[in-house]
Amino acid sequence: MTPQRVPLLASLVVLLAAACTTATDHDGAAPATATAPAPGATAATTPATSPAAPTSGAPVEGSWRATYGWAVPATPARVTHEVRVPVTPAPGEPLPVLVEVRVGDHPAEGFSRITFAFRGPTPSYQVGYVPQVLTEGRGAPVELPGTAWLSVRFEPAQAHDARGAGTADVPPSRIDYPTLGGWAAAGDFEGHLSFGLGLRPPAGGTLPVRLGESTRPDGTHVVAVDVRRG
């Protein structure tokens, strides 16, 4: 290799590394980088139009499919999956386990995405606008940014191991995309796993959302919540 080629190869390596750090994966969300947020207080919002009818069933290996089309879930949209408990015999995991939360922005496609990845079967889930996101069990208000709030709930599911330690890699709680402002954990209690999303709709109100599922090559099941950017 001549000395003249070394700077060119070094530049290519730097460019490739930068591309890898900024790209999203096939789920349309970037890898997690930080820990979960702390709970607090929120304000109220007004639900808008009626939602489209959700569907149910298992995702196809390696694919992504919508389970709830673009609509405003004033009445919670629910997608049901049959999960036989325990999912693995003792001392294995009794429920689907959350292993990762990711976020990603898609300006060209007009939406932002947050995904929840599970080891084991896909749990049932429910997404809808609420006046206030409350914690499971205690019913304490959850602090979220924005002027509208989505509740995202999974069951049966958990985000802790047998020792009570958290099982998921998660991003920072503040997202600061145009309309998806942040997220927060809202509970992991008796098979109910819940989260809140803080939204910033233009001129208040609510935003259409879309739900979807995919299965990664390693068998991890992913549930995506997409929010319109404007």
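Worth saying up front: this structure is predicted, and the values here are computed from it rather than measured.

(A) Structural detail: the sheet that holds strand S9 (residues 209-215). Spatially, the five strands line up as an open sheet ordered S1-S9-S10-S4-S3, and their pairing is antiparallel. Looking at which strands have only one partner, the edges of the open sheet turn out to be strand S1 (64-71) and strand S3 (97-106). Across the sheet, the mean angle from the axis of one strand to that of its neighbour is 15 degrees, orientation sign disregarded. Here five bridges tie S1 to S9, and the two strands are oriented antiparallel to one another.

(B) View of the environment of Gly196. Relative to the assigned elements, Gly196 resides in strand S8 (residues 192-199). Gly196 sits 43 residues away from Arg153 along the chain, and the two C-alpha atoms are 8.7 Å apart.

(C) How the structure looks around unusual backbone geometry. In this chain, Val85 is followed by Pro86 through a cis amide linkage whose omega measures 0 degrees. Along the polypeptide, Pro86 turns up in the loop between strand S2 (77-79) and S3. Omega for the bond connecting Glu155 with Pro156 falls within 30 degrees of zero, at -10 degrees, which places this linkage in the cis form. Here Pro156 is to be found in the loop between strand S6 (148-155) and strand S7 (180-189).

(D) Examining the sheet that holds S7 more closely. One open sheet holds the five strands; their spatial order is S2-S5-S6-S8-S7, and the pairing between them is antiparallel. Strands at the two margins of the open sheet, each flanked by one partner only, are S2 and S7. Averaged over neighbouring strand pairs, the angle between their axes works out to 15 degrees when direction is ignored. Pairing of S6 with S8, which is carried by seven bridges, proceeds in the antiparallel orientation. The partner of Arg153 across the bridge, within S8, is Ser194.

(E) How the structure looks around the pairing of S6. Judged by how many residues are buried, S6 sits mostly within the fold: six of eight residues are covered. In this sheet, S6 lies alongside strand S5 (residues 124-130) in antiparallel orientation, the contact comprising seven bridges. Within S6, the residue paired with Val130 across the bridge is Trp149.

(F) Representation of the nonpolar core. With 35 residues, the main nonpolar core has Phe116, Phe154 and Leu197 as its most contacted residues. Sequence-distant contacts of Phe154, defined by excluding residues within four places in its chain, comprise Phe116, Phe118, Pro123, Ser124, Tyr125, Gly191, His192, Leu193, Phe195 and Val223. Val133, Val142, Trp149 and Ala184 belong to the second largest nonpolar core, which has six residues in total.

(G) Highlighting the packing of aromatic side chains. This structure, assessed with the given rule, holds seven aromatic pairs. Relative to Phe111, the ring of Trp70 lies with its centre 6.1 Å away and its plane at 55 degrees, an arrangement referred to as tilted. With Trp70 in strand S1 and Phe111 in strand S4 (residues 111-119), this pair connects stretches of sequence that are 41 residues apart. Accessibility expressed as a relative area gives 28% for Trp70, which makes it partly exposed. Relative to Phe195, the ring of Phe154 lies with its centre 6.3 Å away and its plane at 75 degrees, an arrangement referred to as edge-to-face.

Scoring rules and cut-offs
Residues numbered from 1 in each chain as written. Predicted model: local features only at pLDDT ≥ 70, side-chain atom pairs only at ≥ 80, totals over all residues. Heavy atoms only, no water. Pairing = 2+ DSSP bridges. Helix = DSSP H or I, 4+ residues; strand = E, 2+ residues; numbered from the N terminus. Axes fitted to C-alpha atoms, helices over the stretch in contact; angles between N-to-C directions. Buried < 20%, exposed > 50% of the residue type's maximum accessible area, 1.4 Å probe, protein only. Core = buried A, V, L, I, M, F, W, Y, C linked by side-chain atoms within 4.5 Å. Contact = heavy atoms within 4.5 Å. Phe/Tyr/Trp six-rings, centres within 6.5 Å; stacked < 30°, edge-to-face > 60°.

Remember, this is a structural readout, not a statement about activity or role.
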